[in-house]
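So you can see what is in the structure, the chains are spelled out below.
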Amino acid sequence: MLEINNLHKSFGELAVIKGVDLKIDKGDVVVILGPSGSGKTTLLRCINFLEKADKGQAIFGDIGLNLKTASKKQIHEIRQKVAFVFQNYNLFHNKTALENVTEGLVYGKRISKQEAIEIGETALEKVGLSDKSKAYPSELSGGQQQRVGIARAVALNPDIILFDEPTSALDPELVGEVLSVMKDIAREGTTMLVVSHEMSFARDVANRVIFMDGGVVVEEGSPKDIFVSPKEERTKQFLKRVL
Ligand code: ADP
């Protein structure tokens, strides 16, 4: 479904991604773990062209492209297949929950407004926010705002959803409701690539865990491989700190 080969990205002198390969199959729930600053968010952003890679190839389903030189048309095409859930929700503050969800359907996917509303309402129902469709972000808790962010991604019916630390901006008591929605959509077979510090989610929901450090993939495997019998010293040290 998604393959990334030899991805590199620097910010000025700082090399942040130093040759990452990634392969994700349909239905995979892959969690990327790693210390702060190891390049996890940048990796995700390069996959969706929110950052331009310095080098790297990608294969999205049957489309192969260069992550550095992809055309606007190709980027638009990929964004129809790859949805993104942001750490800080990235909602339009002057739009209601429903309008936030339908915006991308009407303007990105060119779906009629009426159909977009139906899809949007179904997506909000899925994240438990049917009763908040007319609420503005300022009237919602952080957890509810992030659930709108997830509904927006789900409504696009993408091939894969990328989650960039979706719970890290939330107060601790609001983390559970967001993880629970993520768990639900994972169980429905949604392909997900998740950067998260939530070890319980990685352990219980992921079928594959990738440990990154210093801009490279240090180790990957099943949650059991990584949490119970990690091979690499850097993985062991990281887990000792966070568990
Ligand atoms: P992680 O998600 O693992 O915490 P990031 O990908 O956010 O790591 O960041 C990796 C490194 O890249 C950090 O040192 C960060 O400061 C730097 N970085 C990220 N984005 C930018 C940017 N837009 N400009 C300059 N440096 C950046």
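Residues numbered from 1 in each chain as written. Predicted model: local features only at pLDDT ≥ 70, side-chain atom pairs only at ≥ 80, totals over all residues. Heavy atoms only, no water.

Per an unreviewed UniProt entry, the chain carries the name Amino acid ABC transporter ATP-binding protein and comes from Virgibacillus tibetensis. On record in UniProt, under Subcellular location (unreviewed entry), the comment for the chain is "Cell membrane". (UniProt positions renumbered as here; feature names shortened; annotations may be inferred.)

Chemist: What should I look at first to understand the sheet that holds strand 7 (residues 160-164) in this one?
Modeler: Each strand in a sheet pairs with its neighbour through backbone hydrogen bonds, running either in the same direction (parallel) or in the opposite one (antiparallel). One open sheet accounts for six strands, arranged 6-7-8-3-9-10; its pairing is mixed. The open sheet has two edge strands, strand 6 (82-85) and strand 10 (216-221), and neither has a second partner. For this sheet, the mean angle separating the axes of adjacent strands, direction not counted, is 20°. Looking at chain direction, strand 7 and strand 8 (residues 192-195) are connected through four bridges and run parallel. What sits directly across from Phe-163, in strand 8, is Val-194. Against the sheet, helix 2 (residues 72-81) touches strand 6 and strand 7, its axis set at about 70° to strand 6. (Pairing = 2+ DSSP bridges. Helix = DSSP H or I, 4+ residues; strand = E, 2+ residues; numbered from the N terminus. Axes fitted to C-alpha atoms, helices over the stretch in contact; angles between N-to-C directions. Contact = heavy atoms within 4.5 Å.)

Chemist: Before we go on, may I ask you to explain the side chain of Gln-145 in this structure?
Modeler: Along the chain, Gln-145 falls in helix 5 (residues 142-155). Assessed through its relative accessible area of 12%, Gln-145 is described here as buried. Sequence-distant contacts of Gln-145, defined by excluding residues within four places in its chain, comprise Tyr-89, Leu-91, His-93, Pro-137 and Leu-140. (Buried < 20%, exposed > 50% of the residue type's maximum accessible area, 1.4 Å probe, protein only.)

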